[in-house]
Amino acid sequence: QVHVVESGGGLVQPGGSLRLSCAASGSFNSIAGAGWYRQAPGKQRELVAAMSTARGTNYADSVKGRFTITRDNTKNTVYLQMNSLKSEDTAVYYCNLEFGDFVQIGPRIQYEYSYWGQGTQVTVSS
């Protein structure tokens, strides 16, 4: 089993910065892929940023140029650096980590396993 824990959320002013962390623990060889998602009340969960060897790096249009996803392999931790924060960035941010091989399962190609963290609240308000 793999456990995923997010941290780093909090209250920040518009224009401020925040760095979220996503740490993995348990039984695995390495993190194959990672993604940050967010969900605001009354809204659907949306992809913010994702990265993997197979698919490269991808960002939502709303955060391009402001957010950066990185990984520290020695710590099995993925980060989301958020700069120039706006009120519309307010949401619960969730981390999803992927493991195993990149294979075809049914009609799609994907990593074999994925695990979600519990989420961390980010509030941007003056």
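Everything below is about the structure shown above.
A quick note: this is a predicted structure, and the numbers were derived from the prediction, not measured. (Residues numbered from 1 in each chain as written. Predicted model: local features only at pLDDT ≥ 70, side-chain atom pairs only at ≥ 80, totals over all residues. Heavy atoms only, no water.)

### Focus: the side chain of Ser52
Move 1: Secondary-structure assignment places Ser52 in strand E5 (residues 46–52).
Move 2: With relative accessibility at 12%, the residue Ser52 sits in the buried group.
Move 3: In terms of polar contacts, Ser52 uses its side chain to reach the backbone amide nitrogen of Arg55, at 3.1 Å.
Move 4: Excluding its chain neighbours within four sequence positions, the residues that come into contact with Ser52 are Ala32, Gly33 and Tyr111. (Helix = DSSP H or I, 4+ residues; strand = E, 2+ residues; numbered from the N terminus. Buried < 20%, exposed > 50% of the residue type's maximum accessible area, 1.4 Å probe, protein only. Polar contact = N/O pair within 3.5 Å; in protein donor to acceptor, adjacent residues only side chain to side chain. Contact = heavy atoms within 4.5 Å.)

### What about the state of the cysteines?
Move 1: Under the definition given, this model contains one disulfide.
Move 2: In this model, Cys22 is linked to Cys95 through a disulfide, with the two sulfur atoms separated by 1.9 Å. Between Cys22 and Cys95 the sulfur-sulfur dihedral comes to about -85 degrees; the bridge is accordingly left-handed. Residue Cys22 is located in strand E3 (residues 18–26), and its partner Cys95 is located in strand E9 (residues 91–105); the two are separated by 73 residues in the primary sequence.
Move 3: Judged by relative accessible area, which is 0%, Cys22 ranks as buried. (Disulfide = S-S within 2.5 Å.)

### Comments concerning the packing of aromatic side chains
Move 1: Within this structure, the stated rule accounts for four aromatic pairs.
Move 2: Between the aromatic rings of Phe28 and Phe99, the centroid separation amounts to 5.0 Å while the plane-to-plane angle is 55 degrees, which identifies the pairing as tilted. Taken as a pair, Phe28 in the loop between E3 and strand E4 (33–39) and Phe99 in strand E9 lie far apart in primary sequence, 71 residues in all.
Move 3: Through a chain of ring-to-ring contacts, three or more aromatic side chains come together here, namely Phe28, Phe99 and Tyr115.
Move 4: In this structure, Arg45 packs its charged tip against the face of Tyr94, placed 3.8 Å from the ring centre.
Move 5: Over the aromatic face of Trp116 sits the side chain of Arg45, whose NZ or CZ is 4.8 Å from the ring centroid. (Phe/Tyr/Trp six-rings, centres within 6.5 Å; stacked < 30°, edge-to-face > 60°. Lys NZ or Arg CZ within 6 Å of the ring centre and 35° of its normal.)

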